[in-house]
Amino acid sequence: MDSNYQDRIPNNVGLGANRALQRALEHWQPEFLNWWHGLGPSDFNASSVYLRTAISVDTKGWATFDYVKMPDYRWGIFLAQEENDRRVGFGDHFGQPVWQQVPGEHRSTLRRLIVTQGDTEPASVEQQRLLGQRCPSMYDLRNLFQVNVEEGRHLWAMVYLLHSYFGRDGRDEAEELLERQSGNRDKPRILEAFNEPIDNWLDFFMFTMFTDRDGKSQLMSLSESSLDPLARTTKFMLTEEAHHMFVGETGIARILERTCQLMQEAGYSEDVRKIGGIDLPTIQKHLNQWFSLSLDLHGGEVSSNAASYFANGLKGRAKEDTFDEHIVKDACYHMEFFEDGRATTKDVLMRNAMNEVLRDWYVGDCQAGVIRWNRILEQHGMSDRLRLPDRKFHRGIGMYSGFHFDPNGVPLSAEEWDKRKHDWLPSQADTEYLLSIMDKPVYEPGKFANYIAPPRRGINQQPIDFEYVRTEQ
Ligand code: BYC
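Residue numbers here run from 1 along each chain, matching the order of that chain's written sequence. Predicted model: local features are reported for residues with pLDDT of at least 70 only, side-chain atom pairs are reported and counted for 80 or more only, and whole-chain, interface and lining totals are derived from all residues. Calculation of side-chain values draws on the structure's entire complement of heavy atoms; hydrogens and water are dropped beforehand.

**Q** Could you clarify how one ought to interpret helix α12 (residues 428-437) in this entry?
**A** Residues that lie three or four places apart on an α-helix share one face, since the helix turns once every 3.6 residues. For each residue, the accessible area found with a 1.4 Å probe, counting protein chains only, is set against the maximum for its type, and the residue is called buried under 20%, exposed over 50%, and partly exposed in between. Secondary structure follows DSSP: runs of H or I at least 4 residues long count as helices, runs of E at least 2 residues long count as strands, and numbering of each begins at the N terminus. Looking at α12, one finds that the buried residues are D430, Y433, L434 and I437. Buried residues of α12, seen end-on, are gathered within an arc of 95 degrees and therefore sit on one face of the element. Throughout, a contact is declared for two residues whenever any of their heavy atoms are within 4.5 Å. Looking at the packing, one finds that the buried side of α12 touches α6 (201-222) and α8 (280-296). When we speak of the arc, we mean the arc of directions from the helix axis to the C-beta atoms.

**Q** What am I meant to see in unusual backbone geometry here?
**A** The phi torsion of most residues other than glycine is negative, and most of the peptide bonds are trans. Within the chain, D43 stands out as a residue other than glycine whose phi angle is a positive 80 degrees. Checked against the element boundaries, D43 lands in the loop between α2 (19-39) and β1 (48-53). According to the relative accessible area criterion, D43 is exposed, its value standing at 52%. Unusually for a residue other than glycine, H394 sits at a positive phi of about 55 degrees. By the element assignment, H394 lies in the loop between α10 (354-379) and β5 (404-405). When its relative accessible area of 26% is taken as the criterion, H394 is described as partly exposed.

**Q** What am I meant to see in the sheet that holds β1 here?
**A** In any sheet, the strands associate via hydrogen bonds between backbone groups, in a parallel or an antiparallel arrangement. The three strands are arranged β2-β1-β7 in an open sheet whose pairing can be described as antiparallel. Where the open sheet ends on each side, the last strands, each with one partner, are β2 (64-69) and β7 (469-470). Axis geometry follows a simple rule: fit a line to the C-alpha atoms, using only the stretch in contact for helices, then measure angles between N-to-C directions, giving values from 0 to 180 degrees. In the packing of helix α4 (residues 138-165) onto the sheet, the strands contacted are β1, β2 and β7, and the crossing angle to β1 comes to about 50 degrees. Strands are treated as partners if at least two bridges between them are detected by DSSP.

**Q** Which parts of the structure should I look at to understand the site of the ligand?
**A** Close to the ligand lie 28 residues, the nearest being R112, Q117, G300, S303 and K315. Here Y309 contributes a side-chain N or O atom positioned 2.8 Å from an oxygen atom of the ligand. N355 places a side-chain nitrogen or oxygen 2.9 Å from an oxygen atom of the ligand. When atom positions are compared with the pocket grids, the ligand is found to occupy the largest pocket. With seven residues, helix α3 (residues 107-127) is the single largest residue contributor to the shell around the ligand. Across the shell around the ligand, the residue classes break down as eight nonpolar, 12 polar and eight charged. We call a residue near a molecule or strand when any one of its heavy atoms sits within 4 Å of it. By the criterion applied in these results, polar contacts are pairs of N or O atoms within 3.5 Å in which, for protein atoms, one can donate a hydrogen and the other can accept it, and in which residues neighboring in sequence qualify only through two side-chain atoms. As defined here, a cavity is a set of points on a 1 Å grid over the protein atoms alone where a 1.4 Å probe fits but cannot get out. A pocket is an open set with protein on both sides within 12 Å along at least five of seven lines, and residues line them when an atom is within 4 Å of a point. The rule for placing a molecule in a cavity or pocket is simple: more than half of its atoms must lie within 2 Å of the grid points. Classification convention: Asp, Glu, Lys, Arg as charged; Ala, Val, Leu, Ile, Met, Phe, Trp, Tyr, Cys, Pro as nonpolar; all other residues, Gly among them, as polar.

**Q** Before we go on, may I ask you to explain the layout of surface pockets in this structure?
**A** Taking a probe equal in size to a water molecule and rolling it over the atoms shows the remaining empty space. Its boundaries defined by the atoms lining it, the largest pocket holds a volume of some 740 Å³. In terms of lining residues, the largest pocket is bounded by 36 residues, among which T116, L191, Q218, L297 and K315 are the most central. For the lining of the largest pocket, the secondary-structure elements that each account for two or more residues are α3, α6 and α9 (304-311). Grouping the amino acids of the lining of the largest pocket by side-chain chemistry returns 11 nonpolar, 14 polar and 11 charged. Grid points are joined across faces, edges and corners, and a volume is the space filled by probe spheres set on the points. Roughly 500 Å³ of internal volume is contained in the second largest pocket. At the level of elements, α7 (228-266) and α10 are the ones that each hand at least two residues to the lining of the second largest pocket.

**Q** Hey, could you run me through the nonpolar core in this one?
**A** One broad rule of soluble globular proteins: the nonpolar side chains tend to lie buried together. By nonpolar core we mean a set of buried residues, namely Ala, Val, Leu, Ile, Met, Phe, Trp, Tyr and Cys, connected to one another through side-chain atoms within 4.5 Å. In terms of nonpolar packing, the biggest core is built from 113 residues, with F210, I283 and W373 touching the most fellow members. Per-element accounting of this core gives the leading share, 16 residues, to α4. Here I283 is in contact with L202, M206, I252, I255, L256, T259, I278 and L386, once residues within four sequence places are set aside. With 16 residues, the next largest nonpolar core counts F338, V348, M354 and F405 among its residues.

**Q** Explain the pairing of strand β4 (residues 342-349) here, please?
**A** Moving residue by residue along a regular strand, the side chains alternate between the two faces of the sheet. Pairing of strand β3 (residues 332-339) with β4 involves eight bridges; the strand directions are antiparallel. Following the sheet pairing, C332 is matched in β4 by L349. Linking β3 to β4, which pair antiparallel, is a turn of two residues; within it D340 sits at a positive phi near 50 degrees.

**Q** Explain the pattern of salt bridges to me, please; I cannot follow it from the model alone.
**A** Close approach of charged atoms lets side chains of opposite charge pair. For salt bridges, the criterion is a side-chain nitrogen of Lys or Arg within 4 Å of an Asp or Glu carboxyl oxygen. As enumerated under the stated definition, the model contains 38 salt bridges in all. As a salt-bridge pair, K447 and E444 come within 3.1 Å of each other at their nearest N and O atoms. On the basis of relative accessible area, E444 is assigned to the partly exposed category, the value being 47%. One salt-bridge network, in which partners are shared between bridges, spans D119, E126, E176, R180 and R189.

**Q** How should empty space enclosed by the protein be read in this particular structure?
**A** Under the defined criterion, the tally for this structure stands at two cavities of 30 Å³ or more. Surrounding the largest cavity, S221, A306, Y309, F310, K315, G316, R317, M354, N355 and L358 form its lining. Taken together, the elements giving at least two residues each to the lining of the largest cavity come down to α9 and α10. Along the lines of polarity and charge, the residues of the lining of the largest cavity split into five nonpolar, three polar and two charged. In this structure, the second largest cavity encloses a volume near 40 Å³. Its residues placed into classes, the lining of the second largest cavity shows one nonpolar, two polar and six charged.

**Q** In this structure, what is going on with the packing of α8 against α10? I would like to understand it.
**A** Geometrically, a packed helix pair is captured by the angle between its two axes and the distance between the axes. Relative to each other, α8 and α10 sit at 165 degrees, their axes nearing to 12 Å. In terms of axis orientation, α8 runs roughly antiparallel to α10. Between α8 and α10 lies a crossing of right-handed hand. On α10, the residues touching L280, L287, F291, S294 and L295 of α8 are R359, Y362, V363, C366, V370, W373 and L377. Along the lines of polarity and charge, the residues of the contact of α8 with α10 split into 10 nonpolar, one polar and one charged. Relative orientations are named as follows: roughly parallel for angles under 35 degrees, roughly antiparallel for angles over 145 degrees, roughly perpendicular for angles from 65 to 115 degrees, and oblique for any other angle. Less than a right angle of anticlockwise turn of the near helix away from the far helix marks a crossing as left-handed, whereas a clockwise turn marks it as right-handed.

Shown next, in the form of structure tokens:
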């Protein structure tokens, strides 16, 4: 590796002085680039993209903008600033000093949590690899690539932890992160939502709204971890996650705005598809799909895994310091159950309900976003509203998986579900329609596909018709 190693991989972990880590990364980096060329964004590796790169964690350096060819992006390794005398914030070791090394008894669990987190990052890049060919504008194309390179950086962040703290097994896990593949039958990604295809921009915006928001809730709970390097790494990742959710939320907001305009132009009773827009029922179905998949990402409602993560101080609650009590030994959570075809409630030990506690936080955060979307419909004088489906709807993980519910949470038989599921989830015909209006990319600066409104402002104070991607070879 050349002498500029320190410069090429911006970092605040003293990489230049750590020979063992350098050697490990030396081995991994070409494999990463190989993966990026094979499974990263298709077709655009020679284009110059107006990207932000983090070169330090302070306010000046964490977002430096310039044209970059994506394979030359400087995937850096950053930890949030060290907190003086940080203490374990929850669980049985509450108040003790946090760990700078991995305790032997928690090694395999921590490795598993880091691998699960790490696996989602390249998975999302793989899911989105063909979207550039159908982009609604150059502005959106740039945002897609920004999300992709930062997911790549988040993978680097987890690989840094695996290489630095988990020895041989960590290095093996880092290699496997590049071997599993989204949607691959033999070697799929670990969590289900990351094996679903994202081949149209409505899915992309819903994914960045809802699934990146699960990223936010999981990273918030990992940033409470007693393993200090994990806490500091995930804390810095959260600053980038905010932009990904912005892309999703404003992407859908711009589609809603355009749909309203098209409906007004055509007369409200006209089918907006006839004039190339995306109708509200289709938007609602994609919301249902990605919200329910992302609820699954929080794990089962009652989980002994979650209880032991909490007890041992490995994974806390989002914003742990806002809770009154941090040991949570005897407290109970009043939980809904579904038994013998009926809903009932029971108390379970709060520690066993930690996945549900985090899911509650997540649902609240999603709900606030949906309220913001509905303001757009209201401003255009529409009576329709978007809504989050009931959390029992379309679940593949936890106590509701294996049963069927409509978006109001009303139980359905398997036959009823089969008959009606495409009233609530995207059908083949919906996907075909979306692909038909996204069949050509829009590469002209300042131009937007018919189904989406321009953004209110450009990136980093650039104009909306800025040349965000230079596609010449
Ligand atoms: N799919 O005890 P339980 C992001 C497994 S997104 C498949 O309830 P636990 C991003 C589970 O592993 C954030 N399997 O689970 C967003 C367990 O398996 P074993 C990603 C699942 O341990 C966009 C079994 O079911 N971060 O960053 O509480 C773009 C029993 O379950 C699923 C993390 O995931 C599922 N959905 O697990 C890019 C944080 N759910 O032990 C990036 C790290 C559960 O029986 N991971 N299972 O073999 C964790 O904190 C936990 O592993 C989970 C919940 C949240 C996944």
